[in-house]
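So you can see what is in the structure, the chains are spelled out below.
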Amino acid sequence: MLTLTGPGGVGKSRLALQLAEQSRRAFTDGVGLVELADLQQGDLVAQSVASVFGLRDETSRPVERLADYLRDKHVLLIMDNCEHLVEACAVLISKLLAAAPQVRVLATSRHVLGTEGEQVLRVPPLSLPADEDRQLGEQQVGTDAVTLFAERATAADSTFQVTEANRDAVIALCQRLEGMPLALELAAARLRAVDIEQVLARLDDALGLLTTGQRTVPPRQQTLEATVAWSYHLCSPGEQHLWNQLSIFSGGFTLDAAEHICRVPDDEQHGVFDLLSGLVDKSIVQRSHPTNDQPMRYTLPEVLRQFGHTQLAASGDENAVRSRHRDYFAELASRGEQDYCSSRDLDWFRQVHREHANLRAALDFSLTQPEQAPTTLTIAMQLRPFWLHSGYNHEGYRWLCTALEHATAATPLRARALSTASLLAALLSETDKAKYLLAESRQLTSQIRADEAAAEATLASALLAFADGDSDEALRLARLAAQRCRAAGIQGVATESLSAATVFALGIDDPTAGELAQELLSLTTSQEAHLLKALALWLVGLAHWRENNQQAAQEHLGQALELFTQSEQPLVIAHCLDGLAWSAASSGDYYRAARLMGAARTRWKRNHLSLAHAMTARFGADRQHFVRAALGDSAFNAAFDRGANSTLEEIINYALGKRAPESQQTAPSAASALLTTRETEIAEHVAHGLSNKEIASKLVISTRTVDTHVDHILHKLGVHSRTQIAMWISDHKGLS
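The following paragraphs examine the structure supplied in this document. Here the structure is a predicted model, which is why all the values come from computation and not from measurement.

1. So, the packing of aromatic side chains
If you walk through the whole model with that rule in mind, you get 16 aromatic pairs. Ring geometry for Phe386 versus Tyr392: centroids 5.2 Å apart, planes at 20°, classification stacked. Accessibility expressed as a relative area gives 1% for Phe386, which makes it buried. Residue classification places Tyr392 among the buried positions, given a relative accessible area of 13%.

In structure tokens, the structure reads:
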């Protein structure tokens, strides 16, 4: 473990990223970057790390799950901005390093973390020209500080150049700012309005004033603070006011959010848009280019955000701004129940993903205000579809339980939150806790009328019945839950209940399974929902598979996979790959089945929602043994490993029968030309799992001759193992 330390703005994060890029090839299982600046909850650090590796938050023991996943991985984990979560980061890192000997950690922090074996590198500022070397003239432009300043100054003013006339001023400014990168960038941005000599003169005045007196921070940190303060005071009053308010955002913000949450002074002539544009021009606010029709997104660098927050707290306006922030993102959460069952579902899920950090901040703020406890509970409950489908079950469960501790009034809201928490606990296999929460919800609904809570509690009861091994009772309760949820007007939970009923019916070969699946498909089609319709298509496909209608099965499962891919749901993609594999096996396409099984296995390893897996795993429990017996161990392993090592894009293209991009393909005719007829024949026998001795006997040639041919095949194909020969053959010749 290596920790890069130093004051804010010295370039720790950029250095970490550069180190990662240069050493990427040394880590066979990749590099994971975890940005912690916007995370305020220490108990979510493990989840944040897990999400970087594609692990869903579906266990109540995230640290153990993460350690188990990384146990045999050779990865570099970068944890950026650890200083406000030192204890949580140190504990997690210690456990990961103890469990996973090939994991390396690169952390950035203003403070040493104090973990065992930690190596510390204090990041220095950029190199500076010395006073006595100024006569070297143009050579000084090559020092790091001058180079960075010149690059940023040119970005601010395209006519700027370091010349003989301004060289002394540039060098003096870089020395005055002690080579601190962020300070240099802020100063360079001023060249839009004034020349370099004016920047230096005004900066000298500001630094002289702001760094005098008894200070407890190191001189270099004083320099940065003074530079930030100088930049702040050069902003207009309206820009300063906006800067302060923007500091409450986590993970960035959109113009719409800024305009709804931020206020301008009564005497300010400009609106939020104009003031924000001014902060962008001054390099205070950074702007990211939108993609996929997403709105422009803005961020404050962490050092500047912290400065603005200090000013906001001192102004006495923080509570008012945070209240507007909470209300704005509460409105986003409130759309969940309706958008979930509509054509707007994917837009809502994507927006919630983008604003996840802001939603966490809104929930955190509400917990600090006792009178807002019901609001906290409402937000956490309305995000239920997001928790459930986006891999954040444990986080949603955590927020609900915390909010329930604060919102103790006997209300329908509390009853519904208890039933929602019970359902999430059941999915996390926290059965005892789920039963406790369910009992409390039922007790409350016996005292007050809470139809929605009672209906959702029935679905939780169905899941618990399944967990207890009573699939018949689980089916009965799930069908009852669907009826009750429809009557209560909670359409999303009604659809989920019908989905669960279909799964349970398939699991026990109930004759109504196909009928239930078709009912679900009709319902979700009428809703125009993407995610829930994909779920229905998957279940219809499984029903056709069980009925041995493989063409219909593969058609529906393929449609489900395409929709799930749009909704970026890795768990249900694994379900679809399993279903397509079972159907392929039933059709006699054993190589395809094995390859899809391998791909599904990789996705399942990243998803640990044990109850959901148990609900469907029994469908194909005997399929893998059947396919292995049909192919033989060697060919099965080759195909299985091929699928397991495929990227998500590759395996989806394969599952859907799509051609890979031309740049990723080798034309079969050209590929076949790589091998002679005899080499191709031997390669096919290798693919079928025969040893060199067995091949020699079959072809009536010597084992040494086969050895030579196999060496030539490996060399010509540019591969290193017999398994890779089998993969190549499967792509270009096929396996009978």
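2. A closer look at the packing of helix H25 (residues 491-507) against helix H26 (residues 513-527)
The geometry of H25 relative to H26 is characterised by a closest axis approach of 8 Å and an angle of 155° between their N-to-C directions. Here H25 lies roughly antiparallel to H26, going by the angle between them. In terms of crossing hand, the pair formed by H25 and H26 is left-handed. Contacts from Gln491, Thr495, Leu498, Ser499, Ala501, Thr502, Ala505 and Leu506 in H25 reach Ala513, Leu516, Ala517, Glu519, Leu520, Leu523, Thr524 and Gln527 in H26. Residues that form the contact of H25 with H26 fall into these classes: nine nonpolar, six polar and one charged.

3. Observations concerning the pattern of salt bridges
Under the counting rule described, the total for this entry stands at 30 salt bridges. Arg297 is paired through a salt bridge with Glu355; the nearest N and O atoms lie 2.8 Å apart. Of this pair, Arg297 sits in strand S8 (residues 297-299) while Glu355 sits in the loop between helix H16 (345-354) and helix H17 (356-367); the two residues are 58 residues apart in sequence, bridging distant segments of the chain. Each member of the pair, Arg297 as well as Glu355, is classed as buried. Note that Arg384 is salt-bridged to Glu456, the shortest N-O span being 2.9 Å. With Arg384 in helix H19 (residues 384-389) and Glu456 in helix H23 (residues 451-467), the pair connects residues that are 72 residues apart, well separated along the chain. As far as burial versus exposure is concerned, Arg384 and Glu456 are alike and both buried. In the salt-bridge network here, residues are joined through shared partners; they are Glu337, Arg384, Arg416, Glu452, Glu456 and Glu496.

4. Some points on empty space enclosed by the protein
Under the counting rule described, the total for this entry stands at six cavities of 30 Å³ or more. Lining the second largest cavity are Glu337, Tyr340, Met381, Arg384, Pro385, Arg416, Gly492 and Val493. Those elements giving two or more residues to the lining of the second largest cavity turn out to be H19 and H25.

5. Description of the sheet that holds S8
Taken in spatial order, the three strands of this open sheet run S6-S8-S7, and their pairing is antiparallel. Either end of the sheet is taken by a strand with one partner, and the two such strands are strand S6 (253-254) and strand S7 (286-288).

6. Observations regarding the sheet that holds strand S1 (residues 2-5)
The parallel open sheet is built from five strands, whose spatial order is S2-S3-S4-S1-S5. The open sheet has two edge strands with one neighbour each: strand S2 (31-35) and strand S5 (119-122). Here the average twist between neighbouring strands, direction ignored, is 15°. As paired elements, S2 and strand S3 (residues 76-80) share five bridges and run parallel to each other. Opposite Val31, over in S3, you have Leu76 as the bridge partner. Strands S1, S2, S3 and strand S4 (104-109) of the sheet are contacted by helix H1 (residues 12-23), whose axis makes an angle of about 160° with S4. Contacts from helix H2 (residues 45-52) reach S2 and S3 within the one sheet, and its direction differs from that of S2 by about 140°.

Criteria and cut-off values
- The numbers attached to residues start from 1 for each chain and follow its sequence in the written order.
- Only residues with pLDDT of 70 or above have their local features reported here, since the model is predicted, and side-chain atom pairs are shown and tallied only from 80 upward, although totals for entire chains, interfaces and linings are computed over all residues.
- Hydrogens and water are ignored here; the side-chain numbers use all heavy atoms of the structure.
- Any two of the Phe, Tyr and Trp rings considered here, Trp counted by its six-membered ring, make a pair once their centres fall within 6.5 Å; the pair's planes then place it as stacked at under 30 degrees, edge-to-face at over 60, or tilted in between.
- For every residue, the accessible area (1.4 Å probe, protein chains only) is compared with the maximum for its type, and the residue is labelled buried under 20%, exposed over 50%, or partly exposed between those bounds.
- Angles shown run from 0 to 180 degrees and are taken between the N-to-C directions of axes, each axis being a line fitted to C-alpha atoms and, for helices, limited to the stretch in contact.
- Segments assigned H or I by DSSP are reported as helices when at least four residues long, segments assigned E as strands when at least two residues long, and all are numbered from the N terminus.
- Angular relationships are summarised with four words: roughly parallel below 35 degrees, roughly antiparallel beyond 145, roughly perpendicular across 65 to 115, and oblique for the angles in between.
- What makes a crossing left-handed is the near helix being turned counterclockwise from the far one by less than a right angle; a clockwise turn instead makes it right-handed.
- Residue contacts are counted whenever heavy atoms from the two residues lie within 4.5 Å of one another.
- For this classification, Asp, Glu, Lys and Arg are treated as charged, while Ala, Val, Leu, Ile, Met, Phe, Trp, Tyr, Cys and Pro are nonpolar and the rest, including Gly, are polar.
- Salt bridges, as used here, are contacts in which a Lys or Arg side-chain nitrogen is within 4 Å of a carboxyl oxygen on Asp or Glu.
- The definitions used throughout rest on a 1 Å grid laid over the protein atoms alone, on which a cavity is an enclosed set of points accommodating a 1.4 Å probe that cannot get out and a pocket is an open set flanked by protein within 12 Å on both sides along at least five of seven lines; lining residues are those having an atom within 4 Å of a point.
- Grid points are joined across faces, edges and corners, and a volume is the space filled by probe spheres set on the points.
- For two strands to be treated as a pair, DSSP must find at least two bridges joining them.

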